[in-house]
Amino acid sequence: MFETITPLFPGLPGGPELLVVLLIVVLLFGANKIPKLARSSGQAIGEFQRGREEIEDELQDMKGDDEDEDDATTESSTESVETESASTKSSN
């Protein structure tokens, strides 16, 4: 009475599913355009990775600049405290 229906793509596609996808791709784009499509996809992925690396480098630089500013602020406040304590000792 009740039949179990198995989905066409359960999880990761296997052999028959990949053949169906490849057939559809060949029908949509044609056999001559597939290498051009793959090449342009590879170039797009490369551009994306370069852009991601540039952004990561900028974030690291900004993070390093913030740490340097924090260190400089800490050092200057330490120096001012030392100067104040030295002037207090010399006046006593």
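To be clear, the structure that these remarks concern was listed above.
It should be emphasised that the depicted structure is a prediction, and the values quoted were computed from it without experimental measurement. (Residues numbered from 1 in each chain as written. Predicted model: local features only at pLDDT ≥ 70, side-chain atom pairs only at ≥ 80, totals over all residues. Heavy atoms only, no water.)

Concerning the overall build of the chain
Next up, step 1: Broken down by element type, the chain carries two helices and zero strands.
Next up, step 2: Relative to its full complement of 92 residues, the chain shows a buried share of 2%.
Next up, step 3: Carbon and sulfur atoms provide 60% of the accessible area of the chain, an area that totals close to 8500 Å². (Helix = DSSP H or I, 4+ residues; strand = E, 2+ residues; numbered from the N terminus. Buried < 20%, exposed > 50% of the residue type's maximum accessible area, 1.4 Å probe, protein only. Areas by Shrake-Rupley, 256 points an atom, 1.4 Å probe, with all protein chains shown as cover.)

So, the pattern of salt bridges
Next up, step 1: Counted under the stated rule, the structure contains two salt bridges.
Next up, step 2: The shortest N-O distance in the salt bridge between E47 and R50 comes to 2.6 Å. Residue E47 and its partner R50 are located together in helix α2 (residues 34-91), separated by three residues, close to a single helical turn. (Salt bridge = Lys/Arg side-chain N within 4 Å of Asp/Glu carboxyl O.)

Comments concerning helix α1 (residues 15-29)
Note on helix geometry: an α-helix contains 3.6 residues per turn, so any two residues three or four positions apart are oriented the same way.
Next up, step 1: Taking 1.5 Å per residue as the helical rise, α1 with its 15 residues ought to reach 21 Å, and the 21 Å between its terminal C-alpha atoms agrees with that figure.
Next up, step 2: Two residues or fewer after α1 comes G30, characterised by a positive phi angle close to 85°. (Expected span 1.5 Å × (residues − 1).)

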